Amino acid sequence: MEIDIRTLVLFYAVVNAMNNGLMFIIWHMYRKHYRGLTYLLVNMCLMTVGSMFLLLRGIIPEIPSIIFTNLFSVAGLLFTLKGLELFFDCEKKRIYNYALFAAFMCSVFYFSMVDNNLFARNIGLSAMIVLFNGQSAGLLYRIVKADDRKYARFTAGVLLGYCVFSVSRIIALVMIPQTNNDFFYSGIVNSIAMIGFSVFNILITAGYIMMVIHRHLSEAQTEKDKYISAFHSSPYALLLTKVSDGKIFEVNEGFVRITGYTPEEVLGKTTLEMGLWVDPEDRAEFVKSLLREEDVHDSEMRFRIKDGSIMTGMVSAKRICAFGEDCILTSVSDITEMVKIKERLEKMALHDTLTGLPNRQLFYDRAAIAMANARREKEMFAVISMDVDGLKFVNDHWGHMAGDHVLITVGNRLCDLLRKGDTVSRFGGDEFVILLNRVNQTEDVQITVKKIMQTVTEPVEVEGECIAVSVSLGIAIYPTDDTEIEALIRKSDEAMYYIKMHGRNGYRFFCGDS
């Protein structure tokens, strides 16, 4: 039974076209990730075009059909070798291949235009397949990195099988004479060759696809391992929660160290169930930011950890897809100590280091607010300058520690006596300045001043001895005496110094003749 070679060539062309389509899909998906895929796609295109020129022999002139079939078929083998080198990052200059290709094409021209010899052309084509595919197989078996060989092994085996098949074809062509110089009637050897070429092209395409997919999976696994390693080795508290139900399904060692909770205690629970949030407003803002922008950057929030203490954390979060789940990756760094240091520095900048009372700067800030409120509400407020009388005498006779104790005691008594909305400040030395907010009439100020004198002048006990304390006070009223804070302080000072010059231990409202 004779095998119709033209039918086999048609099948071969269809196979090449299908392989070309599959390779185009792979190229389109991964061309930006992996080098060399363009060369492998070009190989498939050339094989397809070459098979079409072979199929059209008899419809188009024979000489162009022979030349272009051989040209595209062998050129595709060169593109295969180059594509594999690029894919596996092991490029090598192979100038001799271009010389071989040129010599092959010269022989094709000779044995088609000068001496029409199908046998010689078939031997030459099979030899090129052996030479070029042999180099490709050697590349995959010996030159590529050891980690890459495991997913290149199948393709290497197919290419090597292609070489063995081509050597067998050469032997068969020598041993079995061709009955006709027309390829389509040349006998059983070329019929089997066309079947073999079709099968090997299918297997090579499958090998290319397997190489790309295996490499992609390998890189994905590597990235996953890197992610897991980075996740668990991070010094910050990291947790993954499901968007669907808010349940925690992964935490790292940093989370365990910072919060005190073990993974078994938190996995499968929500942060609400764990009671981690101190302020419900923080959680509401956190969820709102994630819904609006899908991430949170450097937000300061407070959490309650396992031992019940409050931790201040710097929180960042982002919606990601992890392990097939739509998740929220949250990172929390413990900045509790940093916040405490910041608060201490701010307090040092705005408070007196000895008494802890507001200093001059904080007094002026609060006075500006009080003045703005008073102007808006058409209210009064009072500025009281107060000196502790005889503090130098206390320092000289009982020491500076005793003097400091007196100042601290006076400051504490003033704070206990006055309202929360009032301000007691120490400007330095024995000088205190008091801001009385929301004063209805001067008589109210007078009552408060008398209470101050009565409370502050009670004896102060120092090392078993009672030290008598007196104070001198001057008062200025906004807006009666002035509408600027500097002027009010100056005028309350004038009134206070009048008292100090006239016997001390008293108070006086500012008046123009003082």
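Shown above is the structure to which this text applies.
Residues numbered from 1 in each chain as written. Predicted model: local features only at pLDDT ≥ 70, side-chain atom pairs only at ≥ 80, totals over all residues. Heavy atoms only, no water.

Overview of the sheet that holds strand β8 (residues 431-439)
Stated formally: When DSSP locates at least two bridges between a pair of strands, those strands are taken to pair. Elements are defined by DSSP. Helices are runs of H or I of four residues or more, strands are runs of E of two residues or more, and each kind is numbered from the N terminus. All axes here are fitted lines through C-alpha atoms, helices being fitted over the stretch that makes contact, and every angle between N-to-C directions spans 0 to 180 degrees. By the convention used here, residues are in contact when the closest approach between their heavy atoms is within 4.5 Å.
One open sheet accounts for five strands, arranged β7-β8-β6-β11-β12; its pairing is mixed. Looking at which strands have only one partner, the edges of the open sheet turn out to be β7 (423-428) and β12 (506-509). The sheet shows a mean angle of 20° between the axes of neighbouring strands, direction not considered. As defined by bridge partners, strand β6 (residues 380-389) adjoins β8 across seven bridges and the pair is classed as antiparallel. Across the sheet, residue Ser385 finds its bridge partner in β8, namely Val433. Strands β6, β7, β8, β11 (470-478) and β12 of the sheet are contacted by helix α17 (residues 485-501), whose axis makes an angle of about 145° with β11.

Observations regarding the pairing of strand β2 (residues 248-251)
Here strand β1 (residues 237-242) runs beside β2; their pairing, made up of three bridges, is antiparallel. Residue pairing in the sheet places Thr241 in a bridge with Ile248 of β2. Turn length for the β1-β2 hairpin, with the two strands adjacent in sequence and antiparallel, is five residues, and the turn residue Gly246 shows positive phi of about 75°.

Regarding the side chain of Arg121
Just so we agree on the cut-off: Relative accessibility decides the category of a residue: with a 1.4 Å probe and only protein chains considered, values under 20% of the type maximum give buried, values over 50% give exposed, and everything between is partly exposed. Two residue types count as positive, namely Lys and Arg, and two as negative, namely Asp and Glu; His and chain ends fall outside the count. Salt bridge, as used here: a side-chain nitrogen of Lys or Arg that lies within 4 Å of a carboxyl oxygen of Asp or Glu. Contacts described as polar in this section are N or O atom pairs within 3.5 Å, which, within protein, must combine one atom able to donate a hydrogen with one able to accept it, while residues neighboring in sequence count only if both atoms come from side chains.
Tracing the backbone shows Arg121 in helix α5 (residues 118-143). Among buried charged residues, Arg121 stands out as having no salt bridge; its nearest opposite-charge side chain is Glu62, 5.0 Å away. A polar contact of 2.8 Å, which involves the side chain of Arg121, links it to the side chain of Asn116. Leaving out residues up to four positions away in the same chain, Arg121 has contacts with Ile66, Phe111, Ser112 and Asn116.

Digging into the packing of helix α3 (residues 62-87) against helix α4 (residues 95-114)
The condition is simple: Here the angle decides the label: under 35 degrees means roughly parallel, over 145 means roughly antiparallel, 65 to 115 means roughly perpendicular, and every other value means oblique. The hand of a helix crossing depends on one turn: near helix anticlockwise from the far one by less than a right angle means left-handed, and clockwise means right-handed. As a working rule, the residues Ala, Val, Leu, Ile, Met, Phe, Trp, Tyr, Cys and Pro are called nonpolar, Asp, Glu, Lys and Arg charged, and the rest polar, with Gly in that last group.
Running from amino to carboxyl end, α3 crosses α4 at an angle of 165°, the nearest separation of the two axes being 10 Å. As judged from the angle between their axes, α3 and α4 are roughly antiparallel. With respect to the hand of their crossing, α3 and α4 are arranged in right-handed fashion. Counting all contacts with α3, which are made through Ile63, Ile66, Ile67, Asn70, Leu71, Val74, Ala75, Leu78 and Leu81, the residues of α4 involved are Asn97, Phe101, Phe104, Met105, Val108, Phe109, Ser112 and Met113. Across the contact of α3 with α4, the residue classes tally to 14 nonpolar, three polar and no charged.

A few points about the nonpolar core
A general feature of soluble globular proteins is that nonpolar side chains tend to end up buried together. This is how it is decided: Take the buried residues of types Ala, Val, Leu, Ile, Met, Phe, Trp, Tyr and Cys, join any two whose side-chain atoms come within 4.5 Å, and each joined set is a nonpolar core.
Among the nonpolar cores identified, the biggest contains 61 residues, and Leu37, Leu84, Phe88 and Met194 are the most heavily contacted of them. Sorting the residues of this core by element identifies α1 (5-30), α2 (37-55), α3, α4, α5, α6 (146-175) and α7 (188-233) as the ones contributing at least two each. At 10 residues, α3 tops the list of elements feeding residues into this core. Judged by nonpolar contacts, the second largest core, of 32 residues, contains Met380, Ala382, Val406 and Leu473.

Thoughts on the packing of helix α14 (residues 391-398) against helix α15 (residues 400-417)
Contact geometry of α14 with α15 gives a least axis separation of 6 Å together with a crossing angle of 140°. Classified by the interaxial angle, the pair formed by α14 and α15 is oblique. Residues Leu391, Val394, Asn395 and Trp398 of α14 lie in contact with α15, whose contacting residues are His400, Ala402, Gly403, Val406 and Leu407.

Let's talk about the environment of Asn180
Within the secondary structure, Asn180 is located in the loop between α6 and α7. We classify Asn180 as partly exposed; its relative accessible area is 35%. Here the alpha-carbon distance between Asn180 and Phe119, two residues 61 residues apart in the chain, equals 9.7 Å. Look past the residues within four positions of Asn180 in its chain and what remains in contact with it is Leu118, Tyr185 and Ser186.

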